[in-house]
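# Tertiary structure, described
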Amino acid sequence: MSNKGFNTRAVGSGEIKDENYGNVVTPIFENATFIYPNKNPSRKEDKNTKDSYIYSRWGNPTVTALEEKYASVEGANNSLAFSSGMAAITSLMLSLDLKGKKVLSVIDLYGQTLSFFKNKFARMTGNEVDLVSTDTLNALDIITKDYGAVYLESITNPSIKVADLINIGKICKEQGITLIVDATFASPFNQNPLEIGADYVVHSGTKYLNGHSDTMSGFIGSNKDMASQFDMRKNLGGTIDSFQAYLVQRGMKTLGLRMERHNKNARDIAEFLHEHSKVLEVFYPGLEDSPYHHIAKRNLGGYGGMLSFRVKGGLDGARKLIFSLKHISPAPSLGGVESLVTLPVDTSHSSVNSQDRKIMGVTDDMVRLSVGIEDVEDLIEDISSSLSHLD
Ligand SMILES: Cc1ncc(COP(=O)(O)O)c(C=O)c1O
């Protein structure tokens, strides 16, 4: 399957087809436990334990099917699925052997990841985290040997900065530093970080991978052995359950089709906003005058469905805008078929202090828009009408 096109892999990889039943889609193995030891000579083995299935916190056939589909679209040899993106991120970070070295992370992070790095990680592991802006990381041509790992978001939440992964990956490889990339905003359709220098890629599968805003999940993909991540998943218990796994692998089949539309709709809306008199600034790497356009061109296959913009009228103006939209709902998640809008200062970044927000470029008047797959003319009409309410 690995030599097939993206959509063929998204539809066909990892499917469990049992000729005894002739089922065409993967069944849900709604089992906490399995017969063990399983003496059947034709028993199926869990790829993570190389043994028959035993208990669903360790592994479950529907979860394996999901992991294989994700690995196939990501171009990863190994993958693990989790109950949320945060379960994947924390399990990965806590399982790394940093040999006492520090982590260098961008400060432009999803609020909960930032809070984990600032308040918990050092206390739990003894390894400090140094935070720098994405722009600083992009400009580095050396990273000192004090660091055991570099962590970044390839498109940042919510300021839509783009990391120069190809360059950072090259430096990390030269220095023997582990590179971890949260590629949630790009999705595996627009970027496969392992191919351009990452050692581990993480995703909130809650977003584009599932694509329907109806279930939570997270992923780690890597070409390295993932025994210690598997062990940590067993310890912390963040394994995804089979019903969730079924929903996510179902959603993933249309990832390519959805992303083509997200990419196109977001670009059209970014261009519309760019020309609008009530809009102060638009953050979208597909715009030719974006400071990240040239970096995005080299590092991404598409510019994505996420954009942010600043409106006239400060926080009040931004709130007025999002609550006068008729079709687009105000809600903090992203990556679903329906467009959603949020104010990062009220939701994803409400726990981030004002000094950090300043470095991230998260202002009170910033609106984050997850552009869905609806007809773009209808979305533009909705936004245009709401903007007309601003002074
Ligand atoms: C970039 C990014 N990474 C990680 C997460 C965490 O994922 P989850 O909410 O599935 O735990 C989020 C959630 O919004 C996110 O935006």
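Residues numbered from 1 in each chain as written. Predicted model: local features only at pLDDT ≥ 70, side-chain atom pairs only at ≥ 80, totals over all residues.

### What to know about unusual backbone geometry
- In this chain, Tyr-36 is followed by Pro-37 through a cis amide linkage whose omega measures -5°.
- By the element assignment, Pro-37 lies in the loop between helix H1 (6-12) and strand S1 (45-46).
- Residue Asn-157 is joined to Pro-158 through a cis peptide bond whose omega torsion reads 5°.
- For Pro-158, the location among the structural elements is in the loop between strand S6 (147-153) and helix H6 (165-175).
- Backbone geometry at Lys-99 places phi at a positive 50°, although glycine is not the residue there.
- Assessed through the 7 C-beta atoms surrounding it within 10 Å, Lys-99 is described here as exposed. (Helix = DSSP H or I, 4+ residues; strand = E, 2+ residues; numbered from the N terminus. Buried ≥ 20, exposed ≤ 12 C-beta atoms within 10 Å, placed from the backbone.)

### Concerning the pairing of strand S3 (residues 78-82)
- Most of S3 is tucked away: four of the five residues are buried.
- Alignment of S3 against strand S9 (residues 218-222), held across five bridges, turns out to be antiparallel. Pairing of Asn-78 across the sheet is with Ser-222, part of S9. (Pairing = 2+ DSSP bridges.)

### Here we look at the domain arrangement of the protein chain
- Looking at the assigned domains, one finds that the protein chain contains domain 1 (6-252) and domain 2 (255-387).
- Here the C-alpha centre of domain 2 lies 26 Å away from the C-alpha centre of domain 1.
- Domain 1 puts 37 residues into the contact, and the matching count from domain 2 is 37 residues.
- Among the secondary structure elements, those contributing two or more residues to the side of domain 1 that touches domain 2 are H1, helix H4 (111-125), H6 and helix H7 (187-190).
- Of the residues belonging to the side of domain 1 that touches domain 2, the class tally is 19 nonpolar, 14 polar and four charged. (Domains from an automatic or database assignment. Contact = placed C-beta atoms within 7 Å. Nonpolar A, V, L, I, M, F, W, Y, C, P; charged D, E, K, R; others polar.)

### Let's talk about the sheet that holds strand S4 (residues 102-106)
- Taken in spatial order, the seven strands of this open sheet run S3-S9-S8-S7-S6-S4-S5, and their pairing is mixed. Pairing within the sheet leaves two strands with one partner each, and these edge strands are S3 and strand S5 (129-132). Neighbour to neighbour, the strand axes of the sheet diverge by 20° on average, direction disregarded.
- Pairing geometry for S6 and strand S7 (residues 178-182), over five bridges, is parallel. (Axes fitted to C-alpha atoms, helices over the stretch in contact; angles between N-to-C directions.)

### Topic: the nonpolar core
- The biggest cluster of nonpolar side chains holds 103 residues, and the ones touching the most others in it are Ala-81, Leu-92, Val-150, Ile-180, Val-202, Leu-307 and Val-367.
- No fewer than three residues from each of domain 1 (6-252) and domain 2 (255-387) sit in this core.
- When near neighbours in sequence (up to four residues on either side) are disregarded, Val-367 contacts Ser-308, Phe-309, Val-311, Ala-318, Leu-321, Ile-322, Val-341 and Leu-343. (Core = buried A, V, L, I, M, F, W, Y, C linked by C-beta atoms within 7 Å.)

### Re helix H12 (residues 314-324)
- Every buried residue belonging to H12 is among Gly-317, Ala-318, Leu-321 and Ile-322, and all of these are buried. All buried residues of H12 fall inside an arc of 125° around its axis, so they share one side.
- Packed against the buried residues of H12 are strand S11 (306-311), strand S12 (329-330), strand S13 (340-342), strand S14 (366-370) and helix H14 (376-387). (Arc of directions from axis to C-beta.)

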